[in-house]
Amino acid sequence: MPVLRPADAVRHEVHGASFHALVAPSRGSAELCAWRLEVPPHQVGAPHRPSREEVLLVLDGDLTVVLDGHAETVAAGDVVLVPARAELRVDGGTTTASVWVTTSPGLEAELADGSRLTPPWAQ
């Protein structure tokens, strides 16, 4: 039985946030990608358009999620469904937030400047 512990996560630092990769094809998963995202307080996120649906479950803290121009404050226990190709920005709230993110393999993100990011934590 594959059990992944926090110490097994591969950490990536991008746009002021930390991505702790746990589940991805490169780690043995065939159909899912999942990671823990940490967003520091008052961090302004990078607007991007994910190529796949994402589910964000807030574990701790609070955030402001801007989805296609609509801002919503979310806190522990809240879930955000991000449609594929929607414009997403995740901003830090008043405390460090921890978020569990799930998507499917092949995720890419188009940044505001038109460049593409192929996140290693989802490959």
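The preceding data block contains the structure.
Model, not experiment: these values are computed from the prediction.

Asks: In this structure, what is going on with empty space enclosed by the protein? I would like to understand it.
Replies: Over the atoms a probe the size of a water molecule is rolled, and this reveals where empty space is left. Tallying each qualifying case throughout the model produces one cavity of 30 Å³ or more. When its volume is computed, the largest cavity comes out at roughly 370 Å³. What lines the largest cavity is a set of 24 residues, and nearest its centre among them are Phe19, Leu37, Ala46, His48 and Trp121. Grouping the amino acids of the lining of the largest cavity by side-chain chemistry returns 18 nonpolar, four polar and two charged.

Asks: Explain unusual backbone geometry here, please?
Replies: Phi is mostly negative for residues that are not glycine, and the peptide bonds are mostly trans. The backbone phi angle of histidine 15 is positive, close to 50°, even though this residue is not glycine. Structurally, histidine 15 is set in the loop between strand E1 (10-14) and strand E2 (17-23). Of note, histidine 42 is a non-glycine position whose phi angle comes to about 65°, a positive value. Position of histidine 42 relative to the elements: it lies in the loop between strand E3 (33-39) and strand E4 (48-50). The exposure class assigned to histidine 42 is exposed, which follows from its relative accessible area of 62%.

Asks: Could you clarify how one ought to interpret the environment of arginine 49 in this entry?
Replies: As for its placement among the helices and strands, arginine 49 is situated in strand E4. By relative accessible area, which is 35% here, arginine 49 ends up partly exposed. The sequence separation of arginine 49 and alanine 86 amounts to 37 residues, and the corresponding C-alpha distance is 5.4 Å. Dropping the residues within four chain positions of it, arginine 49 is found in contact with Asp68, Arg85, Ala86, Glu87, Glu108, Ala109 and Glu110.

Asks: For this particular structure, what's the right way to read the sheet that holds strand E8 (residues 79-82)?
Replies: Picture the strands of a sheet paired through backbone hydrogen bonds; they go either parallel or antiparallel. Taken in spatial order, the six strands make up an open sheet running E1-E2-E3-E10-E5-E8, and their pairing is antiparallel. With one partner strand each, in any of the chains shown, E1 and E8 form the two edges of the open sheet. Averaged over all pairs of adjacent strands, the angle between strand axes in this sheet comes to 25°, irrespective of strand direction. Judged from the four bridges that link them, strand E5 (residues 54-60) and E8 form a sheet pairing that is antiparallel. For leucine 56, the partnering residue across the bridge sits in E8 and is valine 80.

Asks: Looking at this structure, I do not really get the pairing of strand E6 (residues 62-67). What am I missing?
Replies: Along any regular strand the residues' side chains alternate between the sheet's two faces. Two strands pair when backbone bridges link them, and E6 and strand E7 (residues 70-75) are joined in this way by six bridges, in the antiparallel orientation. Bridge pairing links leucine 63 to valine 74 in E7. Taking the residues between adjacent antiparallel strands as the criterion, E6 and E7 are bridged by two residues, where aspartate 68 takes a positive phi near 50°. Judged from the five bridges that link them, E6 and strand E9 (residues 88-92) form a sheet pairing that is antiparallel. Residue pairing across strands places threonine 64 opposite aspartate 91, the latter belonging to E9.

Asks: Is there a simple way to explain the packing of aromatic side chains in this structure?
Replies: How two aromatic rings sit relative to each other is given by the distance of their centres and the angle of their planes. In the structure shown here, the tally under the stated rule is two aromatic pairs. With a centroid separation of 4.0 Å and 15° between ring planes, the pair formed by phenylalanine 19 and tryptophan 121 is classed as stacked. Placement of the pair is phenylalanine 19 in strand E2 and tryptophan 121 in the segment after strand E12 (116-117), with a sequence separation of 102 residues. Overall, phenylalanine 19 belongs to the buried group, its relative accessible area being 12%. Given a relative accessible area of 5%, tryptophan 121 falls into the buried group. When the ring of tryptophan 35 is compared with that of tryptophan 121, the centres are 6.3 Å apart and the planes differ by 70°; the resulting orientation is edge-to-face. Pair noted here: tryptophan 35 is in strand E3 and tryptophan 121 is in the segment after E12, with a separation of 86 residues, a long-range link. Using a relative accessible area of 2% as the deciding quantity, one classes tryptophan 35 as buried. Taken together, the ring pairs in this structure connect Phe19, Trp35 and Trp121 into an aromatic cluster.

Parameters and conventions
Residues numbered from 1 in each chain as written. Predicted model: local features only at pLDDT ≥ 70, side-chain atom pairs only at ≥ 80, totals over all residues. Heavy atoms only, no water. 1 Å grid on protein atoms, 1.4 Å probe; cavity = no way out; pocket = protein on both sides within 12 Å on 5 of 7 lines; lining within 4 Å. Points joined across faces, edges and corners; volume = space filled by probe spheres on them. Nonpolar A, V, L, I, M, F, W, Y, C, P; charged D, E, K, R; others polar. Helix = DSSP H or I, 4+ residues; strand = E, 2+ residues; numbered from the N terminus. Buried < 20%, exposed > 50% of the residue type's maximum accessible area, 1.4 Å probe, protein only. Contact = heavy atoms within 4.5 Å. Pairing = 2+ DSSP bridges. Axes fitted to C-alpha atoms, helices over the stretch in contact; angles between N-to-C directions. Phe/Tyr/Trp six-rings, centres within 6.5 Å; stacked < 30°, edge-to-face > 60°.

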